2 protein chains.
Amino acid sequence: MALVVQKYGGTSVGSIERIRNVAERVRKTHDQGNQVVVVLSAMAGETNRLVALAHEMFEAPDEREYDVLVSTGEQVSIALLAICLRSMGYQAKSFLGHQIPIVTDNAHSKARINRIGDKKIREALEDRTIVIVAGFQGVDHDGNIATLGRGGSDTSAVAVAAALKADVCEIYTDVDGVYTTDPRVVPEATKIEKISYDEMLEMASLGAKVLQIRSVEFAKKYGVVIHVRSSFNDNPGTLVMKEDKDMESVLVSGISYSKDEAKISVIGVPDKPGVASQLFSPLSLANITVDMIIQNVSQGGHTDLTFTVPKSDFKKALSLVEGVAGKIGATGVDSDDHISKISIVGVGMRSHSGIASKMFQVLADEGINIQMISTSEIKVSCVVDAKYTELAVRVLHEAFELAKKDVKMESSF
Amino acid sequence: MALVVQKYGGTSVGSIERIRNVAERVRKTHDQGNQVVVVLSAMAGETNRLVALAHEMFEAPDEREYDVLVSTGEQVSIALLAICLRSMGYQAKSFLGHQIPIVTDNAHSKARINRIGDKKIREALEDRTIVIVAGFQGVDHDGNIATLGRGGSDTSAVAVAAALKADVCEIYTDVDGVYTTDPRVVPEATKIEKISYDEMLEMASLGAKVLQIRSVEFAKKYGVVIHVRSSFNDNPGTLVMKEDKDMESVLVSGISYSKDEAKISVIGVPDKPGVASQLFSPLSLANITVDMIIQNVSQGGHTDLTFTVPKSDFKKALSLVEGVAGKIGATGVDSDDHISKISIVGVGMRSHSGIASKMFQVLADEGINIQMISTSEIKVSCVVDAKYTELAVRVLHEAFELAKKDVKMESSF
């Protein structure tokens, strides 16, 4: 007997019929003797409908009340699943964030989980009740509803799994697992059997949208094994877990890309202490996340600073930077929002050299100019013109033999 | 400065635009220096949508989970009103049943309010915050959501007004107030300025659907003055309050009718102790409310028993009665679901005789046969063939001069 947390996304609970399918899957797991906790998203489209209502009322809705509004989506889906399971003769009970409680800070619409009470869930599980938890929502220390941000149900599920020390946290979605790259770009992309937390973090934050990044951080911190799989079939998916030796033998695990960033360059910045701080403080105050930052070697006491920001914050960031550029004595500001960041990710890089230079060579062979480079222990990212995105991903996928990897592994059984 | 509770029904908050109108009305009351607590229903159609979802999932949805589902409707509307008021620069805060708390028993989908915490609301009001409360919902002693039944938001509003000792509980709806009868049947029907709790109870329970009957009982118990008025204009509506001398001078205040009942007769029942109990116990166990009960004088040791039940319970009631009729030695069961109950209501009846006989005479003059009669201190009800409903209401309205009443009162100013 295991304690299994299962999370189903919006597509998986998108209709009464699909909720019945979820109930069937939950029932099976329960009937196999497992204790089952289900975490649900809102029915597909429902959160968007609620968000649109809020913005129809006011362009910048009050955040506390916004959370009261949008958290109803999950309340509807958990009630419907509980009704379904009870109609099938099972003990099932829905729990809202405040009923568990899932205690968060008060950063409405992007709250972080501080604590999860496990008492009520454990009591229900010991009574052979199927526990159904509303994803995406918690309650702050003053009893206000707080939501975790888009995709927050993944985080809810992993946090509940951590609090209960669950054996596995199954994240059901509409894809079979995590792929070596986006199969819409490279049809030969293969499903990854196992991936380390760190690799998944790089993949997720770099644009592979299977799992919310915070849920992976949470899983890493508490050692929760995540199993990403499809709710439409019984195929095994991808295990996201602690690094093991198998993983290290693979040089590159996957290739991700992101078109969601824009680039800003500040030209001719005087090379003296405090300048970077003057430049980035206003962005930080405006809650704009700066991703890559590149500063060239100083020439004649001046340097160029280039960085990327989320495309959605591009205009705001640009106007802030233009405001401060004069004050710090820069000679100009350049910008480009038609860029793409291509990344290769793999824990195997740590013990192998030459991965980065192979990447540069492959791109150069196709005549793709690299605008920015950034590296970490387990990834190399290059910013290129957005029009080269698909080409770059395809040639890299081929060069690092990702399409063939699965076959190799199977042949070693 | 007064403490005003305002309740807006589903039609009044049926769209973003209408919620803006509500906000404008709330703002005005607030700006006049009053403390304002707003209680809202779900947006028109929303509760029906949620109920349909529940029944699409299962015909007899689990009641606890049904409440989790349907209570989201009010959560949406209070959040939207709070967003609107805050966008206008007002301090406004929404409260769900569990946040106040509005503590109920655990009779899901028809819960009764046991207790309302006034601390959080008072704190907010003292801070000049507009308090927005979700109608229809509360929380039981175990923290489960419990709803009060259809129209329960009226009861929420009156209960909150009672807990806060509010100066008035304004119930905003899509009609101008309580009329002497249904204006769709009698265009000359006039708005009643003041009506006593008891009259309103008779009117409401007899089919005038302006206020939920439980809210009037609550108001009577705690002496809450209810002002029923329209959210679409500034006309004064109807005050529902303690009886005063003005009211007694009016013989009949209003005429109500109900087509929502059906009649069952048990023929040839042995006239001995325990028979009525044997007959009605199964109905009570099945939660079927029996309204009028008439037992004729015994003839030859046998009697006929006739009673009415809600039309929605008619088939169930009939089969239960047919099951028990043989056991108690009855000779047969008759039934009719094409009946209508016409009632005249007025506290003035207490001190005047001849009201009932005038009613019988008026109906007889039109050739309308009376099938059942029941009376209380302040009302007389007659069951007639449903096809005579409108005719009966019209002739009674004329006979008791209700169309002229308003004119009379105005001429005495």
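Residues numbered from 1 in each chain as written. Chains lettered and ligands numbered in written order. Predicted model: local features only at pLDDT ≥ 70, side-chain atom pairs only at ≥ 80, totals over all residues.

Novice: So what's going on with the relation of the copies chain A and chain B? Residues and values would help.
Specialist: Expressed as a screw transformation, the operator carrying chain A onto chain B has a rotation angle of 180° and an axial translation of 0.0 Å, and the superposed copies differ by an RMSD of 0.1 Å. Within this description, the copies of the chain are treated as partners about a two-fold rotation axis. Taking the C-alpha atom as reference, chain A places A:Thr72 closest to the rotation axis, 2.8 Å from it. (Least-squares fit on C-alpha atoms with pLDDT ≥ 70 in both.)

Novice: Mind laying out the domain arrangement of chain A, listing which residues take part and the relevant values?
Specialist: Many descriptions give the size of an interface as the accessible area lost when the pieces come together. The domains assigned to chain A are domain 1 (3-174) and domain 2 (245-413). Placing the centre of domain 1 of chain A and that of domain 2 of chain A at their C-alpha centroids yields a distance of 35 Å. (Domains from an automatic or database assignment.)

Novice: Give a detailed account of the interface of chain A and chain B, specifying residues and quantitative values.
Specialist: Each partner contributes to the interface: chain A provides 26 residues, whereas chain B provides 27 residues. Among the elements that take part in the side of chain A that touches chain B, helix α4 (residues 72-87) of chain A stands out by supplying 10 residues, more than any other. Here the side of chain A that touches chain B is built from residues that sort into 15 nonpolar, seven polar and four charged. (Contact = placed C-beta atoms within 7 Å. Helix = DSSP H or I, 4+ residues; strand = E, 2+ residues; numbered from the N terminus. Nonpolar A, V, L, I, M, F, W, Y, C, P; charged D, E, K, R; others polar.)

Novice: I'd like a rundown of the environment of B:Asn369, residues and numbers included.
Specialist: Residue and element names in this part refer to chain B. The residue Asn 369 is located in the loop between α12 (355-365) and β19 (372-376) in this model. Judged by the 11 C-beta atoms lying within 10 Å of it, Asn 369 is exposed. The spatial distance from the C-alpha of Asn 369 to the C-alpha of Pro 270 is 28 Å, given a sequence separation of 99 residues. Other than its neighbours up to four places away in sequence, Asn 369 contacts Val 384 and Asp 385. (Buried ≥ 20, exposed ≤ 12 C-beta atoms within 10 Å, placed from the backbone.)

Novice: Give a detailed account of the pairing of strand β1 (residues 3-8) of chain B, specifying residues and quantitative values.
Specialist: Residues and elements named next belong to chain B. Summarising burial for β1: five of the six residues are buried, a large majority. Alignment of β1 against strand β2 (residues 35-40), held across six bridges, turns out to be parallel. Along β2, the bridge assignment pairs Val 5 with Val 37. Taking the sense of rotation as the criterion, the β-α-β connection linking β1, helix α1 (residues 16-31) and β2 turns out right-handed. Where β1 meets strand β9 (residues 168-173), five bridges bridge the pair, whose relative direction is parallel. Among the inter-strand pairings, Val 5 is bridged to a residue of β9, identified as Cys 169. (Pairing = 2+ DSSP bridges. Right-handed = clockwise from strand over helix to strand, strands pointing away.)

Novice: Lay out the sheet that holds strand β11 (residues 226-230) of chain B with the relevant residues and their values.
Specialist: Residues and elements named next belong to chain B. Taken in spatial order, the eight strands line up as β3-β6-β2-β1-β9-β11-β12-β10 in an open sheet, and their pairing is mixed. Each end of this open sheet is capped by a strand with a single partner; those strands are β3 (92-95) and β10 (194-196). Looking at each pair of strands side by side, their axes are set apart by 20° on average, direction ignored. Sheet topology places β11 next to strand β12 (residues 238-241); three bridges connect them, and they run antiparallel. (Axes fitted to C-alpha atoms, helices over the stretch in contact; angles between N-to-C directions.)

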